[in-house]
Amino acid sequence: MSSLVFIVENLLKIEVQLMKFACSLTFDREEARDLMQDTILKTLENREKFAENTNFKSWAFTIMKNLFINSYRKKQSYSHSFIDITDVAEEIANNDCSDYLYDYKYINQIISHLSDRHRHMFGLYVSQYKYEEIAQKMNIPVGTLKREIHMIKVSLRKKLTEFQSNTDNGSKR
C-alpha cells in the first residue's frame, strides 16, 4: 500500500511529462487539462493498487492512456469511425498543443476515401479494440478482419509515404 505523500510527490515529479502526454493524446489544451485532472484523481483514488518497487511513471501514464481510450470509446460513434477535423482545422492550428500535430486534415482526407466498412473497421482498430471485438461487431471472421486491416494499413502507409516525400521536397500536395 502506497502512502498519499509518496503518490503526490511522484505525481509532482512527472507533472510536465504527463501534461505533454495528455496534449499528444487529445490535441486540445482544455481536454488535456481535463485528462490530467482525471489522471491525478484516478491515481490518488487507486493509490493502494500501486505496487511498491515498480515504475510509478509507467503506472501513471498507463492510467492516463486508459482514461483517454475509455473516454474516446464513449464519444466514438460507430457510424463515424474517423474524426472529421475539417471544421476545426483552424482551431487546431492555433492550439497550444500544435507542436504535436501533423497534417491531420490530409490524413483525414485519405481516411475519408476508404469505404464506409473500412473506415469503420480502421476506426475501431485505432481506438484499440481487440481484433476479436471488431470481428464480432462487424460480424466477420477474425482472419478476414486481420487481412483487411493489414491491407488498409499498407494502403495508408503508401499514401502517407508519398505525402511525406512530397512535403520533404517542398511541394506539399
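Residues numbered from 1 in each chain as written. Predicted model: local features only at pLDDT ≥ 70, side-chain atom pairs only at ≥ 80, totals over all residues. Heavy atoms only, no water.

## Notes on the pattern of salt bridges
Should the charged atoms of two oppositely charged side chains come close, the side chains can pair. Cut-off, in case you're wondering: Any carboxyl oxygen of Asp or Glu within 4 Å of a side-chain nitrogen of Lys or Arg constitutes a salt bridge here. Runs of H or I in DSSP of at least four residues are treated as helices and runs of E of at least two as strands, each being numbered from the N terminus. The buried label goes to any residue with under 20% of its type's maximum accessible area, the exposed label to any with over 50%, and the partly exposed label to all in between, with areas taken from a 1.4 Å probe on protein chains only.
For the structure shown, the criterion picks out 3 salt bridges. Glu30 is the salt-bridge partner of Arg33, the closest N and O atoms lying 2.6 Å from each other. Placement of the pair is Arg33 and Glu30 together in helix 3 (residues 29-45), with a separation of 3 residues, close to one helical turn. On the basis of relative accessibility, which here comes to 38%, the residue Arg33 falls in the partly exposed class. Of the charged contacts in the structure, one is a salt bridge between Arg117 and Glu148, with a shortest N-O distance of 2.7 Å. Of this pair, Arg117 sits in helix 7 (residues 116-126) while Glu148 sits in helix 9 (residues 142-168), placing them 31 residues apart in sequence. Classification of Glu148 by relative accessible area gives buried; the value is 12%.

## Structural notes on unusual backbone geometry
Here the phi dihedral of Phe27 falls at roughly 60 degrees; this positive angle occurs in a residue that is not glycine. Take Phe27: it is sitting in the loop between helix 2 (15-26) and helix 3. With a phi angle near 60 degrees, Asn139 is a residue other than glycine that sits in the positive phi range. Position of Asn139 relative to the elements: it lies in the loop between helix 8 (131-138) and helix 9.

## Topic: the environment of Lys57
The condition that has to hold: Should any heavy atoms of two residues lie within 4.5 Å, those residues are considered in contact.
The residue Lys57 is located in helix 4 (residues 56-75) in this model. The spacing of Lys57 and Asn10 is 47 residues in sequence and 7.8 Å in space, taken between C-alpha atoms. Leave out the neighbours within four places in its chain, and Lys57 touches Ile14 and Gln17.

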